Amino acid sequence: MFSFPATILAGLLGLAFGSFLNVCLTRWPAGESVVKPRSHCRACERTLAWWENIPLVSWLALRGRCRTCGTAISIRYPMVELAVGALWATTVFQTIHHFQNAQAGLPYPIASFSALYLLQSATTIGAKMLLIWLLVGLAALDAERFWLPDIVTVPAILLGVAVSTFRGDSLFESPNPSAPILLRLLNLAFAILVAAGIILLIRWIYWLIRRREGIGLGDAKLMALLAAWLGLPGALLSFVMGVVLGALAGVAILGMPKLRHAKSPGLTRLPLGTFLCIGGIAATLWGPQILAGYLRWSGLSR
Ligand SMILES: [Zn+2]
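Residues numbered from 1 in each chain as written. Predicted model: local features only at pLDDT ≥ 70, side-chain atom pairs only at ≥ 80, totals over all residues.

Asker: With reference to specific residues and values, describe the overall build of the chain.
Answerer: Each helix and strand counted, the chain has eleven helices and zero strands in total. Along the chain, helices and strands appear, N-terminal first, in the series α-α-α-α-α-α-α-α-α-α-α. For 302 residues, the compact-globule estimate of 2.2 N^0.38 gives 19 Å, and the C-alpha radius of gyration of the chain, at 21 Å, lies within 12% of that figure. In terms of overall dimensions, the chain has C-alpha extents of about 65 × 55 × 35 Å along its principal axes. (Helix = DSSP H or I, 4+ residues; strand = E, 2+ residues; numbered from the N terminus. Rg over C-alpha atoms; globule rule 2.2 N^0.38 Å.)

As structure tokens, this is what we get:
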């Protein structure tokens, strides 16, 4: 019964963390501090009033323009805030329901005292929120700058290995505390090598045919990141969904000559990383359901 207030709280917290992510996305690539100075207009340098800093609401109230100089404020701001808010709310709602269903199936004394299960549920929620926050940030960074920085992806791979090892399995599966630690690490290492290997293989084939770089090494590290957090099934599902989404976006752009001739770098060259991140977020939240739905639809299982 506590799922409703917790979901709302997670959504509001997500809006705030989305807002902080925006500050990082704007200032960090420019080599500025993300703490000082206070929020200001990038064009006229005016420090923003408190009410111009409210996630989502302020952008809508200002209709996406600075109040003094009229410079457009990127649509990335409300999009990132809305994405983190809505995705965090979904994560908390899902995990609480899963937890309540699991508890309902247990006899009373065990249901009340499954502290380990509670700890694992809390770890799962926290880990999913952190992964989603990272993936929204990387998606925006790759869309704006075609950049998946090592300083973000490499530590995130190590963190994913730590979280998956602690849970006993990736976020794609239920926690499995009885799995031997060596087996957990071997599974993860295999998943990471295969996931990154797919990108390296495509990169190599592309180079053999075209003699130039097609896919960046950043995308290989992003696949390794997805494998560390979601295991091999999760990473492969993210990859398939990302490639399908990217192809659909490519076809949509080809169908709109106006967009194709616009001088926006994101339209002449598609950011694969952004689509992989979107696939990764969908796999984190709905992966097992998407796989089950696909198997039913294809007739492989009923
Ligand atoms: Zn301004």
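Asker: Could you give an account of the nonpolar core, with specific residues and numbers?
Answerer: Of all hydrophobic cores here, the largest spans 60 residues; its most connected members are Val136, Met223, Ala224 and Ala227. Sorting the residues of this core by element identifies helix H1 (3-27), helix H3 (76-104), helix H5 (115-145), helix H6 (150-167), helix H7 (181-210), helix H8 (217-254) and helix H11 (272-298) as the ones contributing at least two each. Ranked by residues supplied to this core, first place goes to H8 with 15 residues. A domain split of this core shows at least three residues from each of domain 1 (1-113) and domain 2 (149-302). Those residues in contact with Ala224, other than ones at most four positions away along the chain, are Ile157, Ile192, Ala195 and Ala196. (Core = buried A, V, L, I, M, F, W, Y, C linked by C-beta atoms within 7 Å. Buried ≥ 20, exposed ≤ 12 C-beta atoms within 10 Å, placed from the backbone. Domains from an automatic or database assignment. Contact = placed C-beta atoms within 7 Å.)

Asker: Give a detailed account of the packing of H5 against H6, specifying residues and quantitative values.
Answerer: Axis separation between H5 and H6 bottoms out at 11 Å; the angle between their running directions is 160°. Classified by the interaxial angle, the pair formed by H5 and H6 is roughly antiparallel. The way H5 lies across H6 gives a crossing that is left-handed. Facing Gln120, Thr123, Ala127, Leu134 and Leu138 of H5, the residues of H6 in contact are Val152, Ala156, Val163, Phe166 and Arg167. Among the residues forming the contact of H5 with H6, the class breakdown is seven nonpolar, two polar and one charged. (Axes fitted to C-alpha atoms, helices over the stretch in contact; angles between N-to-C directions. Parallel < 35°, antiparallel > 145°, perpendicular 65-115°, else oblique. Left-handed = near helix turned anticlockwise from the far one by under 90°. Nonpolar A, V, L, I, M, F, W, Y, C, P; charged D, E, K, R; others polar.)

Asker: Before we move on, could you go through the domain arrangement of the chain and cite the residues and values that matter?
Answerer: For the chain, the assigned domains are domain 1 (1-113) and domain 2 (149-302). Spacing between the C-alpha centres of domain 1 and domain 2 amounts to 24 Å.

Asker: Describe the environment of His98, naming the residues involved and giving the relevant values.
Answerer: For His98, the location among the structural elements is in helix H3. Taking the C-alpha atoms as reference points, His98 and Trp297, separated by 199 residues in sequence, lie 25 Å from one another.

Asker: Give me the packing of H6 against H7: which residues, what numbers.
Answerer: Pairs of packed helices are described in terms of their axes, by the angle between the two and the distance that separates them. Packing of H6 against H7 leaves a shortest axis separation of 9 Å and a crossing angle of 140°. One element, H6, and the other, H7, form an angle in the oblique class. Where H6 crosses over H7, the two elements pack in a sense that is right-handed. Here Val161, Ser164 and Thr165 of H6 come into contact with H7, specifically with Ile181, Arg184, Leu185 and Leu188. Its residues assigned to classes, the contact of H6 with H7 shows four nonpolar, two polar and one charged.

Asker: An account of the environment of Ala72 is requested, with residue identities and associated values reported.
Answerer: Topologically, Ala72 is positioned in the loop between helix H2 (57-61) and H3. A sequence separation of 55 residues divides Ala72 from Ala127, and the C-alpha atoms of the two residues are 35 Å apart.

Asker: Before we move on, could you go through unusual backbone geometry and cite the residues and values that matter?
Answerer: Across the junction of Lys36 and Pro37, the peptide omega takes the value -10°, indicating a cis bond. Relative to the helices and strands, Pro37 is located in the loop between H1 and H2. Of note, the phi angle at Arg211 is positive, near 55°, even though the residue is not glycine. As for its position among the elements, Arg211 is in the loop between H7 and H8. By the C-beta count within 10 Å, which is 7 here, Arg211 ends up exposed.

Asker: Can you explain H11? Please cite residues and give values.
Answerer: With 27 residues, H11 should cover 39 Å at 1.5 Å per step; its first-to-last C-alpha distance of 27 Å lies more than 12% under that length. Within H11, the axis deviates most sharply at Trp286, by approximately 90°, and proline Pro288 lies no more than four positions further along. Inspection of H11 places Leu272, Gly273, Thr274, Phe275, Leu276, Cys277, Gly279, Gly280, Ile281, Ala283, Thr284 and Gly287 among the buried residues, and these make up the whole buried set. Gly299 lies just past H11 and shows a positive phi near 80°. (Expected span 1.5 Å × (residues − 1). Bend = angle between axes of the 7 residues up to and from the residue.)

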